[in-house]
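# Coordinate inspection notes
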Amino acid sequence: MSLRPKPRIATVSLGGCFGCHMSLLDMDEQLFELLDQVELDRSPLTDIKTLAPCDIGLIEGGLCNAENVHLLQEFRVRCRILVAVGACAINGGLPAQRNTRRLGDCLREVYQFRPGLVHGQIPNDPELPLLLDQVRPLHEVVQVDYSLPGCPPSGEALRKFISDLLAGHPPRLTDGLLHYD
Amino acid sequence: MSLELETAAQRDTLRRVAIDPVSRVEGHGKVTLLLDEAGHVREARLHIVEFRGFEAFIEGRPYWEVPVMVQRLCGICPVSHHLAAAKALDGIAGGAPVPPVADKLRRLMHYGQIMQSHALHFYHLASPDLLFGFEAPPATRNIAGLAAAYPHVARQGVMLRRFGQEIIQATSGKRIHGTGAIPGGMNRHLSPQDQASLRAQADQAVSWSQEAVALAAHLSCSQPLLYREFGQVRSPLLSLVRADGALDFYDGTLRLRDADGRILHEGLDPARYQDYLVEEVKPWSYMKFPYFAALGPQRGWYKVGPLARVQNCDFIPSPLAEHARQAFIAQGDGSIQHGALAYHWARMIEMLHAAEVVRDLLDDPALQEGAILHQGGPHQREGISAIEAPRGTLLHHYRVGEDDLVSHCNLIVSTTHNNQAMNEAIRQVALRYLDGRSLTEGLLNHIEVAIRAFDPCLSCATHALGQMPLVVELQDASGALLERKLRT
Ligand code: SF4
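Residues numbered from 1 in each chain as written. Chains lettered and ligands numbered in written order. Predicted model: local features only at pLDDT ≥ 70, side-chain atom pairs only at ≥ 80, totals over all residues. Heavy atoms only, no water.

Before going further, it helps to spend a moment on the site of the ligand. All names here are of chain A. Around the ligand lies a shell of 13 residues, among which Cys-17, Cys-20, Ala-87, Cys-88 and Cys-151 are the nearest. Elements represented by at least two residues in the shell around the ligand include exactly helix H1 (19–25) and helix H4 (86–91). Ranked by residues supplied to the shell around the ligand, first place goes to H4 with three residues. For the shell around the ligand, the per-class residue count stands at six nonpolar, five polar and two charged. (Near = heavy atom within 4 Å. Helix = DSSP H or I, 4+ residues; strand = E, 2+ residues; numbered from the N terminus. Nonpolar A, V, L, I, M, F, W, Y, C, P; charged D, E, K, R; others polar.)

Written out as structure tokens, the structure reads:
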């Protein structure tokens, strides 16, 4: 057995739906092989809440609030290779549909003027992170090393992508694994 | 009981402890505790910190896009949103009722989804707490630790989830965010090859699900006090039931039982939800707090999801799951179980039921042919539907203009219904386990164990937009200012 530590992978969902994380699990039994080869660091799948230096950071979701921005910057500093996983991370995805609307109008409509509301008000507690006016993709804020398209990319695409990175060469996806829906 | 822990007096004199992020759940949430000098808990809140904006930007879109768009609310239960939207829009498209084959295909997809989501929750997310203990080292308290210590259990979980995902793929084209249901019916049959290969796996899935029920029952019976009292919050129970009182995940009317099991409301039409449900907004969470208006905010909140459904229905319409339900009811000595951990056993009973239903549907050759789309009926302008998503009752409500664009959208998602119950559960656990003690990682995990039991979906609960009086600056990779926002 080699004494080299296993490569560390961290994952995070920013403004995403968790579908890209579910696709990671869609590698089914091959998940066990991956977990043999790597150490999972901070991730929604573990209870590790602070990020250690990692080899690979997988980011799902775009930037919707200030906390997303801070987390992304932390991932950039700690992860040697940063991957934008899925449509939301790459270009904002479906949540970026809100970019055509004025934030304040939507807030009032949803929290104040809807029928059936009690104590209508816009949530404003300091515990809630500040929203960005526009949903933004990752590459506008940090340098991204790779982008893996799809909404979500399939489990097989993720598996191939990660195993190429672990083997130390740039990922190559054949046509069947590369899709944008 | 612990309602007073919602907001402390003199908050600025208290010490703040945060669990951020809440992990091994779907979505984005955090817990804050405020403690006094002696370490007594004065306030405990589960905050939903994310917003999505779906209800707002769905408005103005063509209605036929909606079933595909809304599933992006949640990558764990996309099918629930997909189908709830399609059901609400059937009448708007002049396609209600949908042909019987389409109804069966939608049910197959939905029950496949119940299987994959319940398997995911129990095995991948929650079971490490239950098998290793709440204070086990965090490095092993996860799916990798499960795979190392209980490879057989972990493999069954992965295979059960896989089976559910394959059903979804066969009926919608993709495992996550496919396109199967359309307003008025479905866009595809089940192919003979898919039907044969899924049917060949179905008996195994049923027997693995039986083992899952046995495991959950064993865990519960080996620590009966813990499973009865941990995170126990007494409240009414809400779920859809079929006309004959059976459990049904796809359709039905709403039933509300009180905490002692008496039926308070029966046969409530989901389309009239605005007559009896209201939602309270609290400043510290993006997730609203719904309750039955007639019962008021103190008594009118309720639980949804597996624990509610299994105890709310009169019976489960499949033999193995009904047998398992009887054992579950017997464990409670005939009284309603309200402990948060009882959710797990109930959830596995539901997974077994879903496996039985899927198996039986896969025996039906009608899935391969016949009409799957109804068109030409009267077009309505408003549609409201309810479905039992894995996490509980899900309501979708749309109005569509003459131009076929959505003019109004309101969603009450499963986790929102459980908002008050989850907050009460963490307050109960905080008082019982954390109060006056020095807080360790393991003690704090008790709070998360209670939240996890509800299997919350904190992404789909956060579909509204929020705003804070703060300044944020967004810089690009080279440090140049992209955007500066000042809010008041
Ligand atoms: S890319 Fe698609 S699957 Fe991934 S987080 Fe965004 S909406 Fe979800």
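All names here are of chain A. Looking at the element boundaries, Asp-145 is found in the loop between strand E7 (131–136) and strand E8 (146–148). Residues Asp-145 and Arg-80, 65 residues apart in the sequence, show an inter-C-alpha distance of 9.1 Å. For Asp-145, the residues in contact, after removing those within four places along its chain, are Arg-76, Arg-80, Ile-81 and Leu-82. Separated by 3.2 Å, the side chains of Asp-145 and Arg-76 make a polar contact. (Contact = heavy atoms within 4.5 Å. Polar contact = N/O pair within 3.5 Å; in protein donor to acceptor, adjacent residues only side chain to side chain.)

All names here are of chain A. Considering all chains together, one arrives at eight cavities of 30 Å³ or more under this definition. Lining the largest cavity are 13 residues, with Leu-24, Leu-31, Leu-34, Leu-35 and Leu-40 sitting closest to its centre. The set of elements that each furnish at least two residues to the lining of the largest cavity consists of strand E1 (8–13), H1 and helix H2 (30–37). Residue composition of the lining of the largest cavity, by class: 12 nonpolar, one polar and no charged. (1 Å grid on protein atoms, 1.4 Å probe; cavity = no way out; pocket = protein on both sides within 12 Å on 5 of 7 lines; lining within 4 Å. Points joined across faces, edges and corners; volume = space filled by probe spheres on them.)

In this section: the sheet that holds E8 of chain A. Taken in spatial order, the five strands make up an open sheet running E2-E1-E3-E5-E8 (chain A), and their pairing is parallel. Edge positions in the sheet fall to strand E2 (39–40) and E8 of chain A, since each has one partner strand and no second. (Pairing = 2+ DSSP bridges.)

Let us look at the pattern of salt bridges. Counting across every chain of the model gives 55 salt bridges over all chains. Residues Glu-448 of chain B and Lys-49 of chain A are paired through a salt bridge, measuring 2.8 Å at the closest nitrogen-oxygen approach. With Glu-448 of chain B in helix H16 (residues 441–453) and Lys-49 of chain A in the loop between E2 and strand E3 (54–60), this pair bridges two chains. For Glu-350 of chain B, the salt bridge identified is with Arg-309 of chain B, shortest N-O distance 2.7 Å. Separated by 41 residues along the polypeptide, Glu-350 of chain B in helix H13 (residues 342–361) and Arg-309 of chain B in helix H11 (residues 306–312) bring together distant segments of the chain. (Salt bridge = Lys/Arg side-chain N within 4 Å of Asp/Glu carboxyl O.)

All names here are of chain B. Spatially, E1-E2-E3 is the arrangement adopted by the three strands of the open sheet, whose pairing is antiparallel. Each edge of the sheet is formed by a strand with only one pairing partner; in this case those strands are strand E1 (15–19) and strand E3 (41–48). Within the sheet, the average angular offset between the axes of one strand and its neighbour, ignoring direction, is 20°. Two strands pair when backbone bridges link them, and strand E2 (residues 29–35) and E3 are joined in this way by seven bridges, in the antiparallel orientation. Opposite Leu-34, over in E3, you have Glu-43 as the bridge partner. Contacting E2 and E3, helix H15 (residues 419–434) crosses the sheet at an angle of about 145° to E3. (Axes fitted to C-alpha atoms, helices over the stretch in contact; angles between N-to-C directions.)

Don't take any of this as a statement about function, it's just geometry.
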